[in-house]
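Next come the chains, spelled out residue by residue.
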Amino acid sequence: NKVQENLLSRESFLRTGNQFYNEIQESNAKNENHRLNLRGDHEFNKNNKLLFRTSLSYQNNDNLETTFGETKSLEGLVLNRTQNQYSSLNKAFNLNNRFIYQHKFEKVGRTLSLELSNTYKPTDGDNLYTDLQQDSLIEYLSDENQYSFGTSINYTEPVGTNSQLSVEYDGNYLYRESDNDTYISQSVDDEGVFSQTLSNQFKSSYTTHVPSISFSKRRFGKFIRIKLAYQAAELDNKWLVPYENQSNRTFNNLLPSFMGRFELTKKINLFVRLAASTTEPSINQLQNVINNSNPLFVTLGNSDLKQSNTNSLFFRLQGTKSEKNIVFSNSFNAQSSTDYIGSQTTVLSVDSTIADGVTLQEGAQITSPVNVDGYLNIRNTSTFGVLIKPIKNNFNTSLGLGYVKLPGITNGISNIAETYSADLKFGLTSNISEKIDYNLFYQIVRSQVINSIQQGVENSYYTQTLGLKLTLTLKNNFVFRNETNIQRDNGINN
């Protein structure tokens, strides 16, 4: 059971003048989780083995939120406000199965493996939105199912004494269906009427075929792997309500990758990874249905979305001085994306009807996902750790620097939000005994955001966090865990 109160302040950067949104929200959430994991291995003989992995989880979430929100103009004029109550009852089930067959040939290093996998993820929800100002009620009934089936075949052939050639095929079929039925009542005592505008039945399938070839070599503390994959993907969408329609899109991509580990000295090693990947849009991003559960911030999907393409680079330099109990490292991570799934937002300048029976107030925002280019995420983190013998504690510190370039669209105008961040963290972790484990830390994070559509306007803020994680192992293997965090946020608009 979790009771929480949130205060939110948001500034929207517009060419016509900034808007300021303030919100007070109280929530009471109850979560119930159950998990089960099964694992089985069977060795037929020294050359043939079967592995079985199954995970099962069930989640039941009951949440009640009361919200008061208000949007003001730069001059302090109230543009809109809302006072509402939102109750939700959501249930989710997740089943995952993997079967792996491994065969070793008589020649050392020559292997064949076959993997079959499937997932089943049904969810359903009953959500009630009550407008306390209008004394009206909207009921959202959702039913979503997701199935996936995958297969992987891998053959490896030794090359010389320390190299290996691998040929692989991965195929996956993902099927998703979502049914959203919405009923509107003019007062909380009336019977709900089905809303064609706010309801939607949608089906989507995503199929991928990925053949690949890779070469790996391992020798004297060094390891490299070079891989080239080709991905053929197909995205099929079908609408049943409020209208019938369907679309089909195909994608073809070369996905090269490189991974290597090198021992520069006996105490310093370098790990490098470069990779290209794709990400398909989720069914919630694709489903073109209006969600007005918060009438000041309305969302809807975009069935024209394409998969996004990402190139990533990661390297980590790590070293140790065992005689002084010192560990240090520096890691660098960079990601760039084309057709990144960002967002486009329209801020209404007047009260507007966006669909049959759906009217929004001035200042309300409508947001939907859209493919945009120019996403970039760069981060560098340096860490240092040393054992303090007198108190049997490890002292750890880290320094992080980050830059994120996030493209988007506001009122039809392209906007680039650039975030520069720096964080510093100090921590003490226990080395007292196996029965006492704690992590005491302090962290400060400072960020600065610059939006291209608001030249000369910068938004700076920082967050301080003091935290403690404690685990005690008592008699009869009874375990006590506690986690406490104190956080302070400060924001300055320049």
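As shown above, the structure is provided for reference.
What counts, and at which threshold
Residues numbered from 1 in each chain as written. Predicted model: local features only at pLDDT ≥ 70, side-chain atom pairs only at ≥ 80, totals over all residues. Heavy atoms only, no water. Helix = DSSP H or I, 4+ residues; strand = E, 2+ residues; numbered from the N terminus. Buried < 20%, exposed > 50% of the residue type's maximum accessible area, 1.4 Å probe, protein only. Areas by Shrake-Rupley, 256 points an atom, 1.4 Å probe, with all protein chains shown as cover. Lys, Arg positive; Asp, Glu negative; His and termini not counted. Charge placed at Lys NZ, Arg CZ, Asp CG, Glu CD. Core = buried A, V, L, I, M, F, W, Y, C linked by side-chain atoms within 4.5 Å. Contact = heavy atoms within 4.5 Å. Phe/Tyr/Trp six-rings, centres within 6.5 Å; stacked < 30°, edge-to-face > 60°. 1 Å grid on protein atoms, 1.4 Å probe; cavity = no way out; pocket = protein on both sides within 12 Å on 5 of 7 lines; lining within 4 Å. Points joined across faces, edges and corners; volume = space filled by probe spheres on them. Nonpolar A, V, L, I, M, F, W, Y, C, P; charged D, E, K, R; others polar. Pairing = 2+ DSSP bridges. Polar contact = N/O pair within 3.5 Å; in protein donor to acceptor, adjacent residues only side chain to side chain. Salt bridge = Lys/Arg side-chain N within 4 Å of Asp/Glu carboxyl O.

## Some remarks on the overall build of the chain
So, point 1. Assigned secondary structure in the chain consists of 1 helix and 25 strands.
So, point 2. Considered along the principal axes of its C-alpha atoms, the chain spans approximately 75 × 60 × 55 Å.
So, point 3. Looking at the chain residue by residue over its 494 residues, the buried ones come to 35%.
So, point 4. Per element, the accessible surface of the chain, about 28600 Å² overall, is 53% carbon and sulfur.
So, point 5. Across the chain, the mean location of the 46 positive side-chain charges is 20 Å away from that of the 48 negative side-chain charges.

## Considerations on the nonpolar core
So, point 1. Ranked by size, the top nonpolar core spans 11 residues in total: Leu 174, Phe 202, Tyr 206, Ala 233, Leu 235, Trp 239, Phe 251, Ile 283, Leu 286, Leu 305 and Ile 341.
So, point 2. Elements supplying a minimum of two residues to this core: strand S9 (200-219), strand S10 (222-241) and helix H1 (283-286).
So, point 3. Tallying contributions element by element places S10 first for this core, with 3 residues.
So, point 4. Those residues within four positions of Ile 341 in sequence are excluded, and the remaining contacts are Pro 281, Gln 285, Leu 305, Lys 306, Ser 308, Pro 369, Val 370 and Asn 371.
So, point 5. In terms of nonpolar packing, the next biggest core, distinct from the first, is built from 8 residues, Leu 198, Val 298, Ala 364 and Ile 366 among them.

## What to know about the environment of Asp 236
So, point 1. One can find Asp 236 in strand S10.
So, point 2. A relative accessible area of 27% places Asp 236 in the partly exposed class.
So, point 3. The spatial distance from the C-alpha of Asp 236 to the C-alpha of Ile 184 is 31 Å, given a sequence separation of 52 residues.
So, point 4. Once residues lying within four places of it in the same chain are set aside, the contact partners of Asp 236 are Lys 203, Ser 204, Ser 205, Ser 247 and Asn 248.

## Focus on the packing of aromatic side chains
So, point 1. As enumerated under the stated definition, the model contains 13 aromatic pairs in all.
So, point 2. Relative to Tyr 420, the ring of Tyr 403 has its centre 5.0 Å away and its plane inclined at 50 degrees; by these criteria the two rings are tilted. Taken together, the positions of Tyr 403 in strand S21 (residues 393-410) and Tyr 420 in strand S22 (residues 413-430) put the pair 17 residues apart, joining distant regions of the chain.
So, point 3. For Tyr 403, a relative accessible area of 17% corresponds to the buried category.
So, point 4. For Tyr 420, a relative accessible area of 39% corresponds to the partly exposed category.
So, point 5. One aromatic cluster in this structure is built from Phe 93, Tyr 120, Tyr 147 and Tyr 175.

## Focus on empty space enclosed by the protein
So, point 1. Tallied over the full model, the rule gives 1 cavity of 30 Å³ or more.
So, point 2. As a volume, the largest cavity reaches approximately 40 Å³.
So, point 3. Forming the boundary of the largest cavity are Arg 10, Ser 12, Gln 19, Phe 20, Tyr 21, Thr 71, Phe 297, Gly 363 and Gln 365.
So, point 4. For the lining of the largest cavity, the elements supplying multiple residues, two or more each, are strand S1 (2-12) and strand S2 (19-45).
So, point 5. Residue classes in the lining of the largest cavity are distributed as 3 nonpolar, 5 polar and 1 charged.

## Side note on the pairing of strand S4 (residues 78-104)
So, point 1. Strand direction decides the pairing type here: strand S3 (residues 48-73) and S4, joined by 25 bridges, are antiparallel. In the strand pairing of S4, Thr 54 is matched with Asn 97.
So, point 2. Counting the residues in the hairpin turn of S3 and S4 gives 4 residues, including Gly 76, whose phi is positive at 95 degrees.
So, point 3. Note: S4 against strand S5 (residues 111-131), 19 bridges, orientation antiparallel. Among the inter-strand pairings, Ser 88 is bridged to a residue of S5, identified as Asn 127.

## Description of the layout of surface pockets
So, point 1. The volume enclosed by the largest pocket comes to roughly 950 Å³.
So, point 2. Forming the boundary of the largest pocket are 35 residues, of which Arg 10, Glu 11, Ser 12, Phe 13 and Asn 451 lie nearest the centre.
So, point 3. Among the residues making up the lining of the largest pocket, the classes are represented as 16 nonpolar, 17 polar and 2 charged.

## Description of the side chain of Asn 415
So, point 1. Mapped onto the elements, Asn 415 comes out in strand S22.
So, point 2. Within the local environment of Asn 415, its side chain forms a polar contact with the backbone nitrogen of Ile 453, the two atoms lying 3.2 Å apart.

## A closer look at the environment of Ala 229
So, point 1. Turning to its location among the elements, Ala 229 is positioned in strand S10.
So, point 2. The sequence separation of Ala 229 and Ser 398 amounts to 169 residues, and the corresponding C-alpha distance is 36 Å.
So, point 3. Apart from the residues lying within four places of it in its own chain, the contact partners of Ala 229 are Val 210, Pro 211, Ser 212, Asn 253, Leu 254 and Leu 255.

## Describing unusual backbone geometry
So, point 1. In this structure, Asn 325 is a non-glycine residue whose phi angle is positive, near 55 degrees.
So, point 2. Mapped onto the elements, Asn 325 comes out in the loop between strand S14 (308-321) and strand S15 (326-338).
So, point 3. For Asn 325, a relative accessible area of 30% corresponds to the partly exposed category.
So, point 4. With a phi angle near 50 degrees, Asn 411 is a residue other than glycine that sits in the positive phi range.
So, point 5. Locating Asn 411 in the fold gives a position in the loop between S21 and S22.

## A word on the pattern of salt bridges
Two side chains with opposite charge may pair up if their charged atoms get near one another.
So, point 1. If you walk through the whole model with that rule in mind, you get 11 salt bridges.
So, point 2. A salt bridge links Glu 115 to Arg 98; the shortest N-O distance between them is 3.0 Å. Placement of Glu 115 in strand S5 and of Arg 98 in strand S4 is noted, with a sequence separation of 17 residues between them.
So, point 3. Residue classification places Glu 115 among the partly exposed positions, given a relative accessible area of 24%.
So, point 4. In this structure, the salt-bridge partner of Lys 107 is Glu 157, at a minimum N-O distance of 3.3 Å. Remark: Glu 157 occurs in strand S6 (residues 136-159) and Lys 107 occurs in the loop between S4 and S5; sequence separation between them is 50 residues.
So, point 5. Classification of Lys 107 as partly exposed rests on a relative accessible area of 42%.
So, point 6. Through salt bridges with shared partners, one network takes in Arg 39, Asp 41 and Arg 53.

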